[in-house]
Amino acid sequence: MIIASLFLLGSIVRAEETAGVSLLEVTLEANEYSTSDKDIRFKPEVGKEYNFISKISNTGSETIEVKVFPSIAISNNGSIDYVEETPNNLNETYNLQNYVKIYLGKEEITGKTIDINANESTQVRISIKIPTEIQGEVLGGINFAQVLDTQKNENSVDVIQVYQKVVNVRLKMTEFGEKKANTYDEFSFSATKDMTNLDYYLVNNNPFLHYADKGSYKLYNPKEEIISEGEFSTNEVVLTSLSKTRLSVSLKDGTEIIDGNYKFVTIVDNVEQTYEFNYTKKNLEEFAEKNKDKNNVVVNV
């Protein structure tokens with residue numbers, strides 16, 4: 001599937017492909033390998049090079065600049081983003097960028113910007129080659145990004161508005177053995193104007209698409225009091241291969257955050273698992289300072 005996205009201040013806002021949003025059009029030519037004509041999805045042979053042709057069109061009256069690059073597929077709390085870099089990919093073997101080169105004619109343009117003249121089109125060749133055997137699947141995309149506007153700010157970061165289209169890539173490699181359970185890591189507290197949350201990373205330990213857990217949880221504070229409990233509402237969240245995804249659960253109203261050892265207990269597939277983490281005095285002070293203007297936050301510093 002070719003996805004249209006609008007980037008602002010580094011955050012992705014999903015955008016419908018409506019007239020006037022962008023002058024950029026991208027189409028993937030029919031090919032003998034992919035099982036879909038809208039994305040690249042197939043089982044490659046190790047050591048064999050596969051080539052795909054994509055047509056980039058400028059439907060406007062002025063020249064546009066388009067950056068073309070392979071991206072990493074990463075989960076983002078209910079959706080999948082296709083990004084140039086991320087700390088949430090846990091194994092470089094499953095980074096599509098290692099296996100893709102993009103050419104304009106004979107020139108490699110991977111990660112470079114090309115000009116598309118008004119009312120003209122050009123073709124790029126996408127080369128995919130997997131040099132060694134890999135278990136599971138490699139996920140990512142081929143991104144075509146157009147800068148729409150740049151707003152310079154002297155006293156803060158510049159605002160760069162980028163519209164992009166992404167050709168999804170899913171490479172099915174060798175079968176993987178027994179499925180591994182998800183795990184939880186990197187716990188911390190955060191607050192909004194309405195509630196206090198426990199944030200954590202959910203880790204997919206499998207080299208293929210997997211789902212967030214369906215089950216229940218309880219959070220115990222250092223006094224062994226339950227300050228959050230419920231059912232996970234994230235079982236429809238898709239997790240990309242060997243990656244971590246930031247999620248959260250809300251605490252009970254009026255919960256006091258204190259320093260000390262906390263326990264996060266999950267029950268998934270009738271298996272209970274306990275994760276312990278220490279919230280230090282320094283963590284508490286930083287949390288209190290960051291959220292001092294929120295009336296719902298209760299902190300014992």
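Asker: How should I be thinking about the nonpolar core in this particular structure?
Answerer: Proteins that are soluble and globular tend to have nonpolar side chains buried together. Ranked by internal contacts, the top residues of the largest apolar core, which has 32 residues, are Ile142, Phe144 and Leu171. Here phenylalanine 144 is in contact with Leu24, Val26, Ser54, Ile56, Val66, Lys67, Val68, Val124, Tyr163, Gln164, Lys165 and Val167, once residues within four sequence places are set aside. Counting residues in hydrophobic clusters, the runner-up holds 28 residues, among them Tyr200, Ile257, Tyr262 and Val268.

Asker: I keep staring at the sheet that holds strand E14 (residues 183-191) and nothing clicks. Help me out?
Answerer: Note: strands within a sheet are paired through backbone hydrogen bonds, in either parallel or antiparallel orientation. Judged by pairing direction, the sheet is antiparallel, and its three strands sit side by side in the order E14-E15-E20 without closing on themselves. On the outer flanks of this sheet lie E14 and strand E20 (243-250), each paired with one strand and no other. Across this sheet, the average inter-strand angle for adjacent strands is 25°, counted without regard to direction. The pairing of strand E15 (residues 196-204) with E20 spans eight bridges and is antiparallel. Bridged to valine 203 within E20 is lysine 244.

Asker: Teacher, can you tell me more about the sheet that holds strand E17 (residues 215-220) here?
Answerer: Read from one edge to the other, the open sheet built from four strands follows the order E18-E17-E22-E23, with strand pairing classed as antiparallel. Here the strands that pair on one side only, and so sit at the sheet edges, are strand E18 (226-231) and strand E23 (271-279). Neighbour-to-neighbour, the strand axes of the sheet open up by a mean angle of 15°, direction not taken into account. In the sheet, E17 pairs with E18 via five bridges, with the strands oriented antiparallel. Residue serine 216 lies in a different strand from E18, and its bridge partner there is glutamate 231.

Asker: Sorry if this is basic, but what is going on with the confidence of the model for the protein chain here?
Answerer: Low-confidence regions, as indicated by low pLDDT, have predicted coordinates that should not be scrutinised in detail. Averaged over every residue, the pLDDT of the protein chain is 88; the share at 70 or more is 88%. The spread of mean pLDDT over the elements of the protein chain runs between strand E2 (residues 11-14), the lowest at 33, and strand E8 (residues 100-104), the highest at 98.

Asker: Explain the side chain of glutamate 137 to me, please; I cannot follow it from the model alone.
Answerer: Mapped onto the elements, glutamate 137 comes out in strand E12 (residues 137-151). Relative accessible area serves as the criterion here: at 3%, glutamate 137 is assigned to the buried category. For glutamate 137, the side chain forms a polar contact with the side chain of arginine 170, separated by 3.0 Å. Once residues lying within four places of it in the same chain are set aside, the contact partners of glutamate 137 are Tyr94, Arg170, Leu171, Lys172, Met173, Pro207, Phe208, Leu209 and Ser241.

Rules used throughout
Residues numbered from 1 in each chain as written. Predicted model: local features only at pLDDT ≥ 70, side-chain atom pairs only at ≥ 80, totals over all residues. Heavy atoms only, no water. Core = buried A, V, L, I, M, F, W, Y, C linked by side-chain atoms within 4.5 Å. Buried < 20%, exposed > 50% of the residue type's maximum accessible area, 1.4 Å probe, protein only. Contact = heavy atoms within 4.5 Å. Pairing = 2+ DSSP bridges. Helix = DSSP H or I, 4+ residues; strand = E, 2+ residues; numbered from the N terminus. Axes fitted to C-alpha atoms, helices over the stretch in contact; angles between N-to-C directions. pLDDT = per-residue confidence, 0-100. Polar contact = N/O pair within 3.5 Å; in protein donor to acceptor, adjacent residues only side chain to side chain.

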